Amino acid sequence: MKAIRRFSVRPVLPEPLRPLSELARNLRWSWHPETRELFRAIDPEAWRAAGGNPVRLLSAVPAERLAELADDRGFLRRLAMAAGDLTDYVSEPRWYQRAGAGMPEAVAYFSPEFGITGALPQYSGGLGILAGDHLKTASDLGVPLIGVGLLYRHGYFRQSLTHDGWQQEHYPVFDPNEQPLQILREPEDGAPVRIELRLPGGRVLRAFVWRACVGRVPLLLLDSDVEENAPGERDVTDRLYGGGSEHRLLQEMLLGIGGVRAVRAYCRVSGHPEPEVFHTNEGHAGFLGLERIRELGGHGPGGTGLGFDAALEKVRAGTVFTTHTPVPAGIDRFDRELVARHFGADGELPDIAVEDVLRLGMESYPGGEPNVFNMAVMGLRLAQRANGVSTLHGQVSREMFAPLWPGFDSTEIPIGSLTNGVHAPTWTAPAVPADARDLKDGELWELRRGLRERLVQEVRQRLFASWRQRGAAQAELGWIDGVFDPDVLTIGFARRVPSYKRLTLMLRDRDRLMELLLHPERPVQIVVAGKAHPADDGGKRLVQELVRFADDPRVRHRIVFLPDYGMAMARHLYAGCDVWLNNPLRPLEACGTSGMKAALNGCLNLSVLDGWWDEWFEPDFGWAVPSADGAAADDAERRDAIEAAALYELVEEHIAPAFYERNGGGVPDRWVEMVRQTLTRLGPKVLADRMLREYVERLYAPAARAQRELTPPAAEELAAWKTRVRAAWPGVVIDHVETSGEAGSGEALEVGASLGLRVRVGLGGLGPDDVEVQAVSGCVDESDRIAGAGAVRTPLKPTRGPDMEGRWLYEGPLALDRTGAFGYTVRILPAHRLLAGGAEMGLLAVPSENAASSSDGTGGLLMR
């Protein structure tokens, strides 16, 4: 019979074992091997059964065993050391506390998913794993972060296969009381803190707030499974990325608006400093900016009575937006009317006009859909600082969102790049030393073989369990004992299964793949894992295609598909594989951190030049799969055939020979040197420590300074100035451009010479303090476009004006500092001390076609 209600009954620990409770409730154990070993020592079998979750473990240990441990002096010494180490870890000053004055008091970090540990399945893919690494690294560095997300009762699904290889999903019961979570309570009466959102028709969405301790970082997770909620509202946090448009909208309102309210409640209850900076990890949490605008517009505690436009400026100054999406299809977009219905007088934020909400997210630009509300567009309009997650992705993002800044070169669009990193203590196998430089070649080779051997054991165990789930009898599975060989070159491929990641590219020429797998002297073995989205039948067909190939008795000892890919499996794969394969469609991989995690273990990368590999690839570290270009890039069949052939050739002609060519001592010299270079040179680059320091120095600290400088009067002044500039901008024109200089008419211009520029402009009622007139010069291409990356921008100075027609004259020198095809133009931008950059407002004035003339025949706008 099914229970009508579920409870979690916790044990009463003997007094000497009480520190176990604190250790279990702080997720630092997920990346601290000594603490995990302490819990494993309590009962190894129960630890495995609990899925490595110490809270669940302690609930399952018999009272007799607890009493025995309470009298075990050796165990109590280990417990005391672990408890003391945790106390020191969460209290001692770290990098951030020594980073200097002016740093933010706190940063709120919002993400729709967090992958901290497989025992807390609140993630789907790379976005969540990155968010988990961000929090763990913040804890290690002492960055005062507050994580904010949602608590999904059905988070990361479990995957199994049918007999014919079709993916099936299972959602185990998730009880937060069996997790390292504590509900946030009011200090006066112990009642749970409740967050409320108004919904249309007088409905209310209520949520509890659960707190996880990620080392020294609190993670707040909102949970709508509240008895007072109606069934529809109760199910808002039922499933990660589930439901239709309205369900997703409610999730994102709860994450953004409810998340800010949860942060305020947590700071009030705990005394934690209020955040000065708000970081939204993807557009899902973008509504947080609207809630902060509402706060600033109020007249109660914390309110400043600012109008909408001034509050928007204040919010933008302290907001950082990170985009992870290289294609428009990956962005959440809602119908205008759906959003309008949930805001205003009959919904949330009644003090903010619905029109003001809508204009932040509407695609009101050339090429946009006029009735669509775009969460990434809102994220960009609400944040003064934005970034992509690799150098290439930053470039892709600037091109994708270029319509928001019409007329600007893509290099000037205010979306930077900050390449992701990974949390080494989470992803590096304990056997891998901190410094591989001290290992001899033979020792490094034996280390790698040992990791590969452990992977072989893991593969066999998981494959056996999978075949049993698929209906095979135990007597049929003796062949699994011969699956994989610890001395065979092992390639890994594991990730989500959207079509652009091309799970089945390796199957393009099956005969050639079989030859690689079964080569008599240089065989290859491949382990594959990955989950398709439950609603993605196309992805499921790709999984089935791979599984059916791997089921072939001719090759099933050399290629396997392991179902139920998650963090625990990933750690074995990253450590045990020799080569990590990544073959997405370029440039659709925003970053792709799985190869980074593999590199930390000495695994070499074999990847398309996309994401992080595009900027850090060197032949010393691995191999680059060439991407088809020209006409072939637009023909999917031809493109995949070309890139698959290149992949086979790399494995056959370069990778396998390097692995199998041994010296007299049986060590592959070339291979081991590449492993060493990966560990010592590439390893430090891919660390999340590097990533988070860059976030602090390049984004968080400047955002904190900007929001401090933008006091309420300054915000009002900036908002009024922007309104005035936007109204006057249609009257800003460049009437005339002329040059004078050292070269006379018809003479060649030489490098080192200079030209004098004179520009006549109309400012439409604005003054010289409101604008900057620039000369933009540099090398030009065949279509006379100035190369954006190498362009030089020279401010010109007003020398006369206004004249009778209200025109101003600007002048300045133009240095001819390079040879070859050279050109210049002039333009006018808004200028204000509180702007983050000239492109911030998206306003630009350039010369009309007849504005240029020349006094000396040099040609004005173009010189060759």
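Throughout, a residue's number is its position along its own chain's written sequence, starting from 1. Local features in a predicted model are, by the rule used here, given only for residues with pLDDT of at least 70; side-chain atom pairs are given and counted only at 80 or more, and totals for whole chains, interfaces and linings are based on all residues. Computation of side-chain values covers all heavy atoms of the structure but excludes hydrogens and water.

## Let's talk about the overall build of the protein
Counting from the N terminus, the helices are the DSSP runs of H or I reaching at least four residues and the strands are the DSSP runs of E reaching at least two. If you tally the helices and strands in the protein, you get 26 helices and 28 strands. Radius of gyration here uses only the C-alpha atoms, and the compact-globule reference equals 2.2 Å multiplied by the residue count raised to the power 0.38. Relative to the globule expectation of 29 Å for 864 residues, the C-alpha radius of gyration of the protein, 30 Å, shows essentially globular dimensions. Oriented by its inertia axes, the alpha-carbon framework of the protein measures out at about 95 × 75 × 50 Å. Partly exposed residues are those whose accessible area sits between 20% and 50% of the maximum for their type, while under 20% is buried and over 50% is exposed, using a 1.4 Å probe and protein chains only. Scored against the burial criterion, the 864 residues of the protein give a buried share of 57%. Any two residues whose heavy atoms approach within 4.5 Å are treated as being in contact. Taking all contacts inside the protein whose residues are at least 6 apart in sequence as the whole, residues at least 24 apart take part in 73%. Per-residue and other accessible areas were derived by the Shrake-Rupley procedure at a 1.4 Å probe size, with only the shown protein chains allowed to occlude residues. Put simply, the protein shows about 34,900 Å² of open surface, and 50% of that area lies on carbon and sulfur atoms. We score Asp and Glu as negative and Lys and Arg as positive, and we do not count His or the chain ends. Working definition for charges: the position is that of NZ of Lys, CZ of Arg, CG of Asp or CD of Glu. The averaged location of the 118 negative side-chain charges in the protein is 4 Å from the averaged location of its 98 positive side-chain charges.

## Here's the deal with the sheet that holds strand β16 (residues 524-529)
Across the sheet, 6 strands lie side by side as β17-β16-β15-β18-β19-β20; this open sheet has parallel pairing. Two strands close off the open sheet at either side, each with one partner strand: β17 (559-562) and β20 (622-625). On average, adjacent strands in this sheet sit at an angle of 20° to one another, irrespective of strand direction. Relative to β16, strand β15 (residues 489-494) runs parallel, the two sharing 6 bridges. Bridge assignment links F493 to a residue of β16, and that residue is V528. Whenever a helix is involved, its axis is fitted only over the stretch in contact; in every case the axis is a line through C-alpha atoms, and angles between N-to-C directions fall within 0 to 180 degrees. Most of the contacts of helix α19 (residues 537-550) go to β17, to which it runs at about 135°, and overall it touches β16 and β17. Strands in contact with helix α24 (residues 669-682) are β15, β18 (579-582), β19 (604-608) and β20; relative to β19, the strand with the most contacts, it is inclined by about 80°. Pairing between strands requires that DSSP locate at least two bridges from one strand to the other.

## Things to note about the pairing of β15
Most of β15 sits inside the fold, with 6 of its 6 residues counted as buried. What you see with β15 is no split at all: L489, I491 and F493 on one side and T490, G492 and A494 on the other are buried throughout. Crossover handedness is defined here as right-handed if the route from the first strand over the helix to the second strand goes clockwise, with the strands pointing away from the viewer. With respect to chirality, the unit in which β15 leads through helix α18 (residues 510-517) into the neighbouring parallel β16 is right-handed. Examined bridge by bridge, β15 and β18 share 2 bridges and lie parallel to one another. Each bridged residue has a counterpart across the sheet, and for I491 the counterpart in β18 is V579.

## Re the nonpolar core
The term nonpolar core refers to a set of buried residues drawn from Ala, Val, Leu, Ile, Met, Phe, Trp, Tyr and Cys, joined through side-chain atoms within 4.5 Å. Among the nonpolar cores identified, the biggest contains 99 residues, and F110, F287, F343, W729, Y810 and I828 are the most heavily contacted of them. Top contributing element to this core by residue count: helix α9 (residues 245-270), with 12 residues. Residues contacting F287, with those up to four places away along its chain left out, are L249, E252, M253, G256, I257, F343, F373, M375 and M378. Counting residues in each nonpolar core, the second largest holds 58 residues, with L447, L451, L513 and A550 among its members.

## Concerning the packing of aromatic side chains
For Phe, Tyr and Trp, rings pair up if their centres lie within 6.5 Å, where Trp contributes its six-membered ring, and each pair is then called stacked (planes under 30 degrees apart), edge-to-face (over 60) or tilted (otherwise). Going through the model one piece at a time under the given rule, you end up with 18 aromatic pairs. Of the aromatic side chains, those joined through ring pairs into one cluster are W445, W623, F659, Y660 and W671. Only lysine NZ and arginine CZ atoms are considered, and such an atom sits over a ring when it is within 6 Å of the ring centre and within 35 degrees of the ring normal. A cation sits over an aromatic face here: K531 above F157, 4.9 Å from the ring centre.

## Some words on the packing of helix α11 (residues 308-317) against helix α13 (residues 354-361)
The interhelical angle for the contact between α11 and α13, taken along N-to-C directions, is 40°, at an axis separation of 12 Å. Comparing the axis directions of α11 and α13 gives the class oblique. Considering only the axes of α11 and α13, their crossing is right-handed. When α11 is examined against α13, the residues F308, D309 and L312 are found in contact with a partner set consisting of D356, R359 and L360. Among the residues making up the contact of α11 with α13, the classes are represented as 3 nonpolar, no polar and 3 charged. Angle categories are assigned with fixed cut-offs, so that under 35 degrees is roughly parallel, over 145 is roughly antiparallel, 65 to 115 is roughly perpendicular, and the rest are oblique. The handedness criterion is simple: a crossing whose near helix is rotated anticlockwise from the far helix by less than a right angle is left-handed, and one whose near helix is rotated clockwise is right-handed. Only Asp, Glu, Lys and Arg are considered charged, only Ala, Val, Leu, Ile, Met, Phe, Trp, Tyr, Cys and Pro nonpolar, and every remaining residue, Gly among them, polar.

## Brief notes about the pairing of strand β2 (residues 145-150)
With respect to burial, β2 is a largely interior element, 6 of its 6 residues being buried. Burial along β2 is two-sided: the residues L145, G147 and G149 and I146, V148 and L150 are all buried. In the sheet, strand β1 (residues 107-110) pairs with β2 via 4 bridges, with the strands oriented parallel. Across the sheet, the residue bridging to Y109 is G147, located in β2. For the crossover from β1 across helix α7 (residues 126-141) to β2, the handedness is right-handed. Sheet topology places β2 next to strand β8 (residues 217-223); 4 bridges connect them, and they run parallel. Looking at the pairing, V148 lines up with L220 of β8.

## Some points on the pattern of salt bridges
Throughout this description, the term salt bridge denotes a Lys or Arg side-chain nitrogen within 4 Å of a carboxyl oxygen of Asp or Glu. In the structure shown here, the tally under the stated rule is 66 salt bridges. Taking the shortest distance from any N to any O, the salt bridge between D225 and R153 comes out at 3.2 Å. Of this pair, D225 sits in the loop between β8 and α8 (231-234) while R153 sits in the loop between β2 and β3 (158-161), placing them 72 residues apart in sequence. Here R452 and D578 are joined by a salt bridge, their closest N and O atoms 2.9 Å apart.

## Some details on unusual backbone geometry
Residue P587 follows R586 across a cis peptide bond; omega there is 5°. In this fold, P587 is placed in the loop between β18 and α21 (594-599). Put simply, G801 and P802 share a cis peptide bond, and its omega is -5°. Positive phi outside glycine occurs at E282, with the angle close to 80°. By the element assignment, E282 lies in the loop between β9 (277-281) and α10 (288-297).

## Things to note about the packing of α18 against helix α23 (residues 636-660)
Packing of α18 against α23 brings their axes to within 11 Å, and their N-to-C directions diverge by 15°. The pairing of α18 with α23 is recorded here as roughly parallel in orientation. In the crossing of α18 with α23, the sense of the turn from one axis to the other is left-handed. The segment α18 lies against α23, with R512, L513 and L516 engaging A645, Y648, E649, V651 and E652. Partitioning the contact of α18 with α23 into residue classes produces 5 nonpolar, no polar and 3 charged.

## Focus: the side chain of T117
The residue T117 is located in the loop between β1 and α7 in this model. Residue classification places T117 among the buried residues on the basis of a relative accessible area of 8%. Setting aside anything within four residues of it in sequence, one finds T117 in contact with L27, W29, S30, Y123 and M567.

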